[in-house]
Amino acid sequence: MGNCWGTQVKGETAFASGHLSSRSDVYSFGVVLLEMLTGRRAIDKNRPAGEHSLVEWAKPFLTSKRRIISILDPRLERQYSLAEAQKAAVLALQCLSLEAKHRPTMDQVVIALEQLQDAKDIGRSPKTEQKSRSQRARGTAHLHRWRSLN
């Protein structure tokens, strides 16, 4: 995974000024989500010119439903539906908005991720679905603890 402090973020002066906000956290989450979707690092100088910055390289692909599939990590072995991948890509794109005020809140991000997980749970066995719900409940508890610290 990349180091957000070493990542140049266009339009985000909070990183340069050291005045981080929950909206800059959302941007950072968007970078991490993009790393997970593509299997690439946020900054990779070993890539060809034009592909060093994951965000700058991937954004054009995220805006096209047909092109998103071409940048997904092949190690995911298509263990997802195209609709799920597109929704995750849209969420990443929203988090990566250059204007902080246009990014979702972290609460909105969590809701979007839960909806994505719920859609994936349809068709699972009751035992698997119960395990998934318990994992989400633990994740929500961790998120609430994290918020209380910040």
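Residues numbered from 1 in each chain as written. Predicted model: local features only at pLDDT ≥ 70, side-chain atom pairs only at ≥ 80, totals over all residues. Heavy atoms only, no water.

As recorded in an unreviewed UniProt entry, the chain goes by the name Serine/threonine-protein kinase NAK, listed as coming from Canna indica.

K.L.:
Explain helix 2 (residues 22-38) to me, using residue names and the numbers behind them.
P.N.:
In a regular helix each residue adds 1.5 Å, so 17 residues correspond to 24 Å; helix 2 covers 24 Å between its end C-alpha atoms and thus fits that length. Where helix 2 is concerned, the buried positions are Ser24, Val26, Tyr27, Ser28, Gly30, Val31, Leu33, Leu34, Glu35, Leu37 and Thr38. (Helix = DSSP H or I, 4+ residues; strand = E, 2+ residues; numbered from the N terminus. Expected span 1.5 Å × (residues − 1). Buried < 20%, exposed > 50% of the residue type's maximum accessible area, 1.4 Å probe, protein only.)

K.L.:
For the layout of surface pockets, give the residues involved together with the corresponding values.
P.N.:
Reported here for the largest pocket is a volume of approximately 530 Å³. Met36, Leu37, Ala88, Leu116 and Lys120 are, among the 16 residues lining the largest pocket, the residues nearest its centre. Only helix 2, helix 4 (82-95) and helix 5 (106-121) provide two or more residues apiece to the lining of the largest pocket. A total of five residues in the lining of the largest pocket trace back to one element, the largest contributor, which is helix 2. Here the lining of the largest pocket is composed, by residue class, of 12 nonpolar, two polar and two charged. (1 Å grid on protein atoms, 1.4 Å probe; cavity = no way out; pocket = protein on both sides within 12 Å on 5 of 7 lines; lining within 4 Å. Points joined across faces, edges and corners; volume = space filled by probe spheres on them. Nonpolar A, V, L, I, M, F, W, Y, C, P; charged D, E, K, R; others polar.)

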